[in-house]
Amino acid sequence: MSKPFDAEKHVDHMAEVMGLTIAPDWRQSVVDNMAETAAVAELVLAFPLDDHVEPAPVFEA
């Protein structure tokens with residue numbers, strides 16, 4: 001079982017890796033956005049797909 005996603009640590013780490021400065025006034029908004037993005041990604045990754053399903057090479061509307 002994996003550890004729960006820590007949005008604050010992730011934001012701090014990625015800001016350092018990317019050389020970004022996040023203004024203190026914006027930091028909580030960035031952390032909140034990252035936490036929501038991770039929650040959506042978890043839903044997508046949890047969606048069951050059969051092993052024979054392949055991604056479509058072309059998407060058309």
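The sections below set out a description of the structure shown in this document. These figures come from a predicted structure and were not determined experimentally. Residue indices follow the written sequence of each chain, beginning from 1 at its first position. A pLDDT threshold of at least 70 governs which residues receive local features in this predicted model, and a stricter bar of 80 or more applies before side-chain atom pairs are shown or counted, although totals over entire chains, interfaces and linings include all residues. Note that the side-chain values use all heavy atoms of the structure and ignore hydrogens as well as water.

## Some details on helix α1 (residues 7-18)
For α1, built from 12 residues, the straight-helix expectation of 16 Å at 1.5 Å per residue is met to within 8% by its first-to-last C-alpha distance of 16 Å. Those residues of α1 not exposed but buried are Ala7, Val11 and Ala15. Considered in projection along α1, the buried side chains sweep an arc of 70° and stay on one side of the axis. Across α1 from its buried face, at more than 90 degrees, point the exposed residues Lys9, Glu16 and Val17. The numbering of helices and of strands both runs from the N terminus, where a helix is a DSSP run of H or I of at least 4 residues and a strand a run of E of at least 2. At the exit of α1 stands Gly19, carrying a positive phi of roughly 70°. One fewer than the residue count of a helix, multiplied by 1.5 Å, yields its expected span. Each residue gets one of three labels from its accessible area relative to the maximum for its type: buried under 20%, exposed over 50%, partly exposed in between, using a 1.4 Å probe on protein chains only. Directions pointing from the helix axis toward each C-beta atom define the arc.

## Details of the packing of α1 against helix α2 (residues 24-46)
Packing of α1 against α2 leaves a shortest axis separation of 9 Å and a crossing angle of 115°. In terms of axis orientation, α1 runs roughly perpendicular to α2. Judged by the twist between their axes, the crossing of α1 over α2 is right-handed. On the side of α1, the interface is formed by Ala7, Glu8, His10, Val11 and Asp12, while α2 contributes Arg27, Val30, Val31, Met34 and Ala35. Residues are grouped as follows: Ala, Val, Leu, Ile, Met, Phe, Trp, Tyr, Cys and Pro are nonpolar; Asp, Glu, Lys and Arg are charged; every other residue, Gly included, is polar. Tallied by class, the residues present in the contact of α1 with α2 amount to 6 nonpolar, 1 polar and 3 charged. To define axes, lines are fitted to C-alpha atoms, for helices over the stretch in contact only, and angles between the resulting N-to-C directions are given on a 0 to 180 degree scale. In these notes the angle categories are as follows: under 35 degrees is roughly parallel, over 145 is roughly antiparallel, 65 to 115 is roughly perpendicular, and the rest is oblique. Crossing handedness follows the turn of the near helix against the far one: under a right angle anticlockwise gives a left-handed crossing, and clockwise gives a right-handed one. Contact between two residues is taken to exist if any of their heavy atoms lie within 4.5 Å; hydrogens are not considered.

## Details of the pattern of salt bridges
Opposite charge on two side chains permits pairing when their charged atoms draw close. Within this document, salt bridges are pairs made up of a side-chain nitrogen of Lys or Arg and a carboxyl oxygen of Asp or Glu, the two lying within 4 Å of each other. Applying the stated criterion to the full structure yields 2 salt bridges. A salt bridge links Glu8 to Arg27; the nearest nitrogen and oxygen atoms lie 3.9 Å apart. In this pair, Glu8 is assigned in helix α1 and Arg27 in helix α2, connecting sequence segments 19 residues apart. Salt-bridge contacts for Asp12 lead to Arg27; the nearest nitrogen and oxygen are separated by 2.8 Å. Residue Asp12 is located in helix α1, and its partner Arg27 is located in helix α2; the two are separated by 15 residues in the primary sequence. Counted as one network, the salt bridges with shared partners bring together Glu8, Asp12 and Arg27.

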